[in-house]
Amino acid sequence: MRAFTVEKYGDQAGMRAAELADPQVGADDVLVKIHAAGVNPLDLRIRNGDFKAFMPYRLPLVLGNDLAGTVVRVGPSVTRFAVGDEVYARPDKDRIGTFAELIAVHQDDLAPKPATLTMAEAASLPLVALTAWQALVERARVQPGQKVLVHAGAGGLGSIAVQLAKALGAHVATTVSTAKVDSAKDLGADVVVDYRTQDFEDVLDGYDVVLDSLGGENLAKSLRVLKPGGMAISVTGPPDPAFARELGANPILRLAMTALSFRTRRGAERHGVTYTFLFMKASGDQLRELTALIDTGKIRPVVDRVFPFEETLQAMEYVEKGRPKAGKVVVTMT
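Now for a look at the structure at hand.

Calculation criteria
- The numbering scheme is per chain: residues are counted from 1 as the chain's sequence reads.
- Two thresholds apply to this predicted model, a pLDDT of at least 70 for residue-level local features and 80 or more for giving and counting side-chain atom pairs, whereas whole-chain, interface and lining totals are computed over all residues.
- The side-chain figures draw on all heavy atoms in the structure; neither hydrogens nor water molecules are used.
- Elements are defined by DSSP. Helices are runs of H or I of four residues or more, strands are runs of E of two residues or more, and each kind is numbered from the N terminus.
- Note that the radius of gyration is over C-alpha atoms, with the globule rule given as 2.2 Å times the number of residues to the power 0.38.
- Residue burial is assigned from relative accessible area. The probe radius is 1.4 Å, only protein chains are included, and a residue is buried under 20% of its type maximum, exposed over 50%, and partly exposed in between.
- Using a 1.4 Å probe, accessible areas were evaluated by the Shrake-Rupley method; residue-level cover was limited to the displayed protein chains.
- Positive charges come from Lys and Arg alone, negative charges from Asp and Glu alone, with His and the N- and C-terminal ends not counted.
- One atom stands in for each charge, and that atom is NZ of Lys, CZ of Arg, CG of Asp or CD of Glu.
- An axis is simply a line fitted to the C-alpha atoms; with a helix, the fit covers only the stretch in contact. Between two such axes, the angle follows the N-to-C directions and lies from 0 to 180 degrees.
- Should an angle lie under 35 degrees it is considered roughly parallel, over 145 roughly antiparallel, and from 65 to 115 roughly perpendicular; all remaining angles are considered oblique.
- Note on contacts: a residue pair is in contact if any heavy atoms of the two residues lie within 4.5 Å.
- Polar here means any residue other than Ala, Val, Leu, Ile, Met, Phe, Trp, Tyr, Cys and Pro, which are nonpolar, and Asp, Glu, Lys and Arg, which are charged; Gly is therefore polar.
- Throughout this description, the term salt bridge denotes a Lys or Arg side-chain nitrogen within 4 Å of a carboxyl oxygen of Asp or Glu.
- Here a strand pair is declared whenever DSSP counts at least two bridges between the two strands.
- Both site types are read off a 1 Å grid over the protein atoms alone. A 1.4 Å probe that fits but cannot get out defines a cavity, while an open set with protein on both sides within 12 Å along at least five of seven lines defines a pocket; lining residues have an atom within 4 Å of a point.
- Grid points are joined across faces, edges and corners, and a volume is the space filled by probe spheres set on the points.
- Between the rings of Phe, Tyr and Trp (Trp by its six-membered ring), a pair exists once the centres lie within 6.5 Å; its type follows the angle of the planes, with under 30 degrees stacked, over 60 edge-to-face, and the other angles tilted.
- In this analysis the charged atom, NZ for Lys or CZ for Arg, is taken to sit over a ring once it is within 6 Å of the ring centre and within 35 degrees of the ring normal.

### Notes on the overall build of the protein
(1) Moving on: Across its full length, the protein carries 12 helices and 16 strands.
(2) Moving on: Relative to a compact globule of 334 residues, whose C-alpha radius of gyration would be 20 Å, the protein shows 19 Å and is just as compact.
(3) Moving on: Overall size of the protein, expressed as C-alpha extent along the three principal axes, is 55 × 45 × 40 Å.
(4) Moving on: Counting over 334 residues, the protein shows a buried share of 54%.
(5) Moving on: Just so you have it, the protein exposes about 14,300 Å², and 50% of that area is on carbon and sulfur atoms.
(6) Moving on: The distance from the centre of the 39 positive side-chain charges to the centre of the 40 negative ones in the protein is 4 Å.

The following block contains the structure:
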């Protein structure tokens, strides 16, 4: 099969197109012919080696974390899927590789593709939709009437998180650039802060939840717009001790993560709020929950641009240079 692999950690020069053997299919695996794959900032970070300390992938590695496609084979223990089913998924972190023609995915990580979406639209969703669900539903347990701030509300994660927060009945604020204000309003945001002309810390106050995808000073300010007892959830901030325990990290790595997040956790404690780091997990069951919201129109995909599979490296460069105007970038097979 054709695939795009990381040969060595670093920049784009460490990737190449390759011909590989078809994946092996285990008893609980579903072999999927990939029709489309989403491109995420996570792909860039994995390629660059940002996570190699706690996710030591064996190189060469097939990159890619989102897929939509068709089932072409099932393992003998598979009960949820049959050949011909249209599916979508974010594979488990240890079994990524959607920049390829085929992938074997555990049946628990797959879900039927939303009937209302094209393959390209469906492929744009799993990673960001699961991240939004695990942040707002699973971790923050957002309730109707609560105030939620979603940073970068026109981006891949933000555009879905804004819609999910609204579907949960929250009052939603978001931060975007001037050119994306109308897009954020169209997604349902109640308050849109143009970060080029306003400082969100001066405009917002008393929020129950902040979903941060920017880190750094943005995260520090986010702690200050929360009300006492509020929660800041970051997907780019420093990993915390809870994540180290969840990961089963060795003592040295646990100590390093504790030290990295100390300043942020101390800042949160001073403001009477909570800081938590989120690294999303694959879940077919949660995707099924999201599919219900998608097929009823409460969440819609936002696709910025579609590249042919042969231009996967160009698609990654497009994302890396910050060119998307809104939503996700997708590659499709021919």
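### Digging into the packing of helix α1 (residues 41-48) against helix α12 (residues 312-320)
(1) Moving on: Packing of α1 against α12 leaves a shortest axis separation of 9 Å and a crossing angle of 100 degrees. Classified by the interaxial angle, the pair formed by α1 and α12 is roughly perpendicular. Across from Pro41, Asp43, Leu44 and Arg47 in α1, the residues of α12 making contact are Met316, Val319 and Glu320.
(2) Moving on: Partitioned by chemical class, the residues of the contact of α1 with α12 number four nonpolar, no polar and three charged.

### What about the side chain of Asp43?
(1) Moving on: In this structure, Asp43 sits in helix α1.
(2) Moving on: Here Asp43 sits buried without a salt bridge, and the closest side chain of opposite charge, Lys328, lies 7.3 Å off (N-O distance).
(3) Moving on: With sequence-adjacent residues up to four places away left out, Asp43 is seen in contact with Gly38, Leu63, Gly64, Asn65, Phe99 and Met316.

### Some thoughts on the sheet that holds strand β12 (residues 207-212)
(1) Moving on: Read from one edge of the open sheet, six strands run β11-β10-β9-β12-β13-β14, paired in parallel fashion. Among the strands making up the open sheet, the edge pair consists of β11 (191-194) and β14 (274-277). In this sheet, neighbouring strand axes are inclined to one another by 15 degrees on average, regardless of whether the strands run parallel or antiparallel.
(2) Moving on: As paired elements, strand β13 (residues 226-234) and β14 share four bridges and run parallel to each other. When the sheet's bridge partners are listed, Ile233 is paired in β14 with Thr276.
(3) Moving on: On top of the sheet, helix α4 (residues 156-167) reaches β9 (147-151), β10 (171-176) and β12; it is set at about 170 degrees to β9, its chief contact.
(4) Moving on: Strands β9, β12, β13 and β14 of the sheet are contacted by helix α7 (residues 216-225), whose axis makes an angle of about 150 degrees with β13.

### What to know about the layout of surface pockets
(1) Moving on: Of the volumes computed, that of the largest pocket is approximately 1,100 Å³.
(2) Moving on: Forming the boundary of the largest pocket are 41 residues, of which Pro41, Gly155, Gly156, Leu157 and Ser213 lie nearest the centre.
(3) Moving on: Elements with a minimum of two residues in the lining of the largest pocket: α1, α3 (126-139), α4, β10, α12 and β16 (328-332).
(4) Moving on: Per-class residue counts for the lining of the largest pocket are 22 nonpolar, 12 polar and seven charged.

### Structural notes on the pattern of salt bridges
(1) Moving on: All chains considered together, the criterion is met by 18 salt bridges.
(2) Moving on: Between Arg2 and Glu310 there is a salt bridge, with the nearest N and O atoms lying 2.8 Å from each other. Pair noted here: Arg2 is in strand β1 (residues 2-6) and Glu310 is in the loop between β15 (303-308) and α12, with a separation of 308 residues, a long-range link.
(3) Moving on: The class of Glu310 is partly exposed, set by a relative accessible area of 40%.
(4) Moving on: Close ionic contact of Arg80 with Asp285 constitutes a salt bridge, the shortest N to O distance being 3.4 Å.

### Here's the deal with α7
(1) Moving on: Asn218, Leu219, Lys221, Ser222, Leu223 and Val225 are the residues of α7 that are buried.
(2) Moving on: In this structure, the buried side of α7 is in contact with β9, α6 (200-203), β12, β13, α10 (262-270) and β14.

### Digging into the packing of aromatic side chains
(1) Moving on: Going through the model one piece at a time under the given rule, you end up with three aromatic pairs.
(2) Moving on: Measuring from centroid to centroid gives 5.2 Å for Phe4 and Phe309, while their planes differ by 75 degrees, and the two rings are edge-to-face. Placement of Phe4 in strand β1 and of Phe309 in the loop between β15 and α12 is noted, with a sequence separation of 305 residues between them. The pair Phe4 / Phe309 is uniform in exposure class, with both members buried.
(3) Moving on: One Lys or Arg, Arg305, reaches over the ring of Tyr318 and ends 5.1 Å from the middle of that ring.

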